[in-house]
Amino acid sequence: MTAPAQSNQTVSFLRRRFAEVGIEPHARHGQNFLVDLNLVRLIVERAELEPRDVVLEVGTGTGSLTGLVAPRVAAVVTVEIDPRLWQLAHEELFALTNVIMLQQDALRNKSHFDERVLRAVSEQMAAGPDRRFKLVANLPYNVATPVIANLLSAPIVPHSMTVTVQKELGDRIAARPGTKDYSALSVWIQSQCHVEVVRTLPPTVFWPRPKVTSAILHIRVDESLRGQIPDREFFHDFVRALFLHRRKFLRGVLQSRWKAALGKSGVDQALAETGLNPEARAEQLEIGQMLALCETIRRMTAVAGGDAQTKK
């Protein structure tokens, strides 16, 4: 299988192709094309692709990354929201028979993937034995956070995610406790994955040049970590609730959210059982401490008959 010509994507190539079809990059869709070919190849190499892999790409663009990935894997499901770019990429990728091109938004809303995207991935996963799902993409900045976060709650969870994102987002995903970037997103991803910042990318390696620095991230999902979270939906909500007031004392945040279910004494008991200082803050807690506190709260609310706020 031969990669299409635009896998050698350059600024001159893009300008010529866009002029030929009479289109320009669309800022609202985050259309910044990676034109450093060594970095495109680095994304592919870091994804550690194998013939059994089914790759999801969000943001087909002109198909540059698609064309390099497809010859290495079983199938690529690539999604492009812009019909103009979808048509351009379709013309370049038509010879790659293992590429499934979807012209749509990858997300149904900010919390869920579109079912058609997940169905296309599921069909390719079912088409062969021992297939493995990966996300490999130069993600548009405006959807990077929901794409990465939502895949960890999807019916099919990827083996790994190798993506370009805004550096600010990469810093948040990889942040450590006690730092300004540590957030609910940091906890949600690190509680289930190993995160590596592969390379920082200056604006000059994109066309058009964005106003921000970017980064290549490699996120490897660890099933043993995921197995330590009995109820991931509860944990997701728990972490977001704590970080709504990241600098407030833990006792006050827990009482505000779970007072109806546990009362003040129940909150104090949960903190005592997990050995946490009531005057600690969410932004100071290690992942393990967050997991232990969450499970204690979950168990106690279940015994108490559930969260009163949920019943309303």
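One can find the structure itself at the top, above this paragraph.
Throughout what follows, the structure given in this document is the object of discussion. (Residues numbered from 1 in each chain as written. Predicted model: local features only at pLDDT ≥ 70, side-chain atom pairs only at ≥ 80, totals over all residues. Heavy atoms only, no water.)

Some words on the packing of helix H1 (residues 11-21) against helix H4 (residues 83-93)
Point 1. The N-to-C vectors of H1 and H4 enclose an angle of 115°; their axes lie 11 Å apart at closest approach. Viewed along their axes, H1 and H4 adopt a mutual orientation that is roughly perpendicular. The two elements H1 and H4 cross, and the hand of that crossing is right-handed. Contacts between H1 and H4 involve Arg17, Phe18 and Val21 from the former and Leu85, Leu88, Glu91 and Glu92 from the latter.
Point 2. Looking at side-chain class alone, the contact of H1 with H4 contains four nonpolar, no polar and three charged residues. (Axes fitted to C-alpha atoms, helices over the stretch in contact; angles between N-to-C directions. Helix = DSSP H or I, 4+ residues; strand = E, 2+ residues; numbered from the N terminus. Parallel < 35°, antiparallel > 145°, perpendicular 65-115°, else oblique. Left-handed = near helix turned anticlockwise from the far one by under 90°. Contact = heavy atoms within 4.5 Å. Nonpolar A, V, L, I, M, F, W, Y, C, P; charged D, E, K, R; others polar.)

Considering the sheet that holds strand E9 (residues 193-201)
Point 1. The strand order across the open sheet built from seven strands is E4-E3-E2-E7-E8-E11-E9, with neighbouring strands paired in mixed fashion. With partners counted over all chains shown, the strands left at the sheet margins are strand E4 (99-103) and E9, one partner each. Across the sheet, the mean angle from the axis of one strand to that of its neighbour is 20°, orientation sign disregarded.
Point 2. The strands that helix H2 (residues 37-46) touches are strand E7 (132-138), strand E8 (160-166), E9 and strand E11 (214-221); relative to E9, the one it contacts most, it runs at about 165°.
Point 3. Contacts from helix H6 (residues 144-151) reach strand E2 (53-58), E7, E8 and E11 within the one sheet, and its direction differs from that of E8 by about 160°. (Pairing = 2+ DSSP bridges.)

Re the pairing of E8
Point 1. Across the seven residues of E8, six count as buried, placing the element largely inside the fold.
Point 2. Handedness of the crossover joining E7 and E8 through H6 is recorded here as right-handed. (Buried < 20%, exposed > 50% of the residue type's maximum accessible area, 1.4 Å probe, protein only. Right-handed = clockwise from strand over helix to strand, strands pointing away.)

Points about the nonpolar core
Point 1. Core analysis: the largest hydrophobic core is formed by 71 residues, its most contacted members being Leu56, Phe238, Leu242, Leu254 and Leu293.
Point 2. Counting residues per element, this core draws most heavily on helix H11 (residues 250-274), which supplies nine residues.
Point 3. Grouped together as the second largest cluster of nonpolar side chains are 26 residues, Ala47, Val76, Val198 and Leu201 included. (Core = buried A, V, L, I, M, F, W, Y, C linked by side-chain atoms within 4.5 Å.)

What about unusual backbone geometry?
Point 1. Cis geometry marks the peptide bond from tryptophan 207 to proline 208, where omega comes out at -10°.
Point 2. Mapped onto the elements of the fold, proline 208 is located in the loop between strand E10 (206-207) and E11.
Point 3. A positive phi angle is found at glutamate 48, which is not glycine, with a value near 50°.
Point 4. Locating glutamate 48 in the fold gives a position in the loop between H2 and E2.
Point 5. The backbone phi angle of aspartate 130 is positive, close to 60°, even though this residue is not glycine.
Point 6. Within the element layout of this structure, aspartate 130 appears in the loop between helix H5 (115-125) and E7.

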